[in-house]
Amino acid sequence: MEIHRLPARSDNYIFVLRDPNSATAAVVDPADAPPVLNKLRELNAQLVAIFNTHHHNDHVGGNRALLKQFPSAQVYGSKQDDGRIPGQQHYLKDGDKVTFANRTAQVLFVPGHTRGHIAYYFAPSAANEPGELFCGDALFAGGCGRLFEGTPAQMQPSLAKLRSLPDNTRVWCAHEYTLSNLKFAASIDQGNDALRSRLTQVIQQRNQNQPTIPSLLKEEKSTNPFLRWDTPSLQTLAKSQDPITVFGHIRAMKDRA
Ligand code: ZN
Ligand code: FE
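Residues numbered from 1 in each chain as written. Chains lettered and ligands numbered in written order. Predicted model: local features only at pLDDT ≥ 70, side-chain atom pairs only at ≥ 80, totals over all residues. Heavy atoms only, no water.

### Overview of the overall build of the protein
The secondary structure content of the protein amounts to nine helices and 14 strands. Relative to the globule expectation of 18 Å for 257 residues, the C-alpha radius of gyration of the protein, 18 Å, shows essentially globular dimensions. Residue burial in the protein is summarised as follows: out of 257 residues, 54% are buried. Charge centroids of the protein, computed over 28 positive and 24 negative side chains, lie 2 Å from each other. (Helix = DSSP H or I, 4+ residues; strand = E, 2+ residues; numbered from the N terminus. Rg over C-alpha atoms; globule rule 2.2 N^0.38 Å. Buried < 20%, exposed > 50% of the residue type's maximum accessible area, 1.4 Å probe, protein only. Lys, Arg positive; Asp, Glu negative; His and termini not counted. Charge placed at Lys NZ, Arg CZ, Asp CG, Glu CD.)

Next up, the structure:
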């Protein structure tokens, strides 16, 4: 399975998955249709599936126009998003499986950013290969989504679920927010050397207009403060050792930053 990263709108990424053996493709979170249609033309591939992580327009905005060109494409989304994902035909819940290109993705229910948010996790196809996580606006490189429809008590367990995946998992999040996320992270987690060097690297990448996505879950675990509720310095900052309280404190700080 090939993964093609397409920039869209001001800071979105759309992911086109291609099966080289069957000339079919799937798309994750099509903000808009034109870049996807262009890529499908270039790949000479037929769209068979749309995987949506949640209902926000910058993730489903292209659904209708893609279905117009590919009427038999199947539209997947969360059961909790019934009625708010255009063209939805499949209503997924935690633990469900979806398949594409002889790969199976596990559906992870990760509410918090929205009440229906899901992620798709493709386990590695072979021992030395990475897994692929499409996590929308739940987990970002260096950050996490805002709590539009959820509470820390919902979001922290969602992020714990993502954190429990293997280190060698590529994180394909839907926005290029990495630089501002890491600047915030460095302001609250000052003793973290891995974070400092990641920030330095990301500053260079962004200066050259390079994407920072995908990241590796291993580096998220060591540098993303929203996955680090058990780090003593962050517990001290939040004056708590309770994971939900620590996470909620950091999320509130970021909201005010
Ligand atoms: Zn969103
Ligand atoms: Fe978004």
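### Description of the coordination of the zinc ion (ligand 1)
Of the protein atoms, only His54 (NE2), His56 (ND1), His113 (NE2) and Asp137 (OD) coordinate the zinc ion (ligand 1), at distances of 2.2 to 2.3 Å. If you look at the zinc ion (ligand 1), its four donor atoms make angles of 90 to 170 degrees with each other, and the shape they trace is irregular. Along the chain, the residues donating to the zinc ion (ligand 1) are arranged with the sequence spacing H-x1-H-x56-H-x23-D. Between the zinc ion (ligand 1) and the iron ion (ligand 2) the interatomic distance amounts to 3.2 Å, and Asp137 serves as a bridging ligand to the pair. Linking His113 in the loop between strand S8 (103-109) and strand S9 (118-122) with Asp137 in the loop between strand S10 (131-136) and strand S11 (139-140), this pair joins segments that are 24 residues apart in sequence. His113 gets classed as buried once you look at its relative accessible area, which sits at 4%. (Donors = N, O, S within 2.8 Å, 3.2 Å for Na, K, Ca; no water. Tetrahedral: all angles 85-135°; square planar, octahedral: opposite > 155°, others 65-115°.)

### Remarks on the coordination of the iron ion (ligand 2)
Taken together, Asp58 (OD), His59 (NE2), Asp137 (OD) and His175 (NE2) make up the full set of protein donors to the iron ion (ligand 2), lying 2.1 to 2.3 Å away. Note that the iron ion (ligand 2) binds four donor atoms; their angles at the metal cover 81 to 169 degrees, and the shape is irregular. Mapped onto the sequence, the donors of the iron ion (ligand 2) take the spacing D-H-x77-D-x37-H. When its relative accessible area of 4% is taken as the criterion, Asp137 is described as buried.

### Thoughts on helix H1 (residues 34-43)
Residues of H1 that are buried: Val36, Leu37, Lys39, Leu40 and Leu43. Relative to the axis of H1, the buried residues are bounded by an arc of 165 degrees and lie together on one face. Seen from the open side of H1, the exposed residues pointing more than 90 degrees away from its buried face are Arg41 and Glu42. Considering only its buried residues, H1 is in contact with strand S1 (2-8), strand S2 (12-19), strand S3 (24-28), strand S4 (46-51) and helix H3 (63-69). Taken from the residues just after H1, Asn44 is the one with a positive phi, measuring 55 degrees. (Arc of directions from axis to C-beta. Contact = heavy atoms within 4.5 Å.)

### Notes on helix H4 (residues 152-163)
With 12 residues, H4 ought to run about 16 Å at 1.5 Å a step, and its terminal C-alpha atoms sit 16 Å apart, in line with that. For H4, the complete set of buried residues consists of Met155, Gln156, Ser158, Leu159 and Leu162. Each buried residue of H4 lies within a common arc of 160 degrees when the element is viewed along its axis, so the set occupies one face. (Expected span 1.5 Å × (residues − 1).)

### Describing the nonpolar core
Grouped together as the largest cluster of nonpolar side chains are 49 residues, with contacts concentrated most on Phe15, Leu17, Phe51, Tyr120, Phe134, Leu159 and Leu162. Considering each element in turn, this core owes the most residues, five residues, to S9. Look past the residues within four positions of Leu17 in its chain and what remains in contact with it is Met1, Glu2, Ile3, Thr24, Ala25, Ala26, Val28, Phe51, Phe100, Phe122 and Phe134. (Core = buried A, V, L, I, M, F, W, Y, C linked by side-chain atoms within 4.5 Å.)

This is a description of form; function is not addressed.
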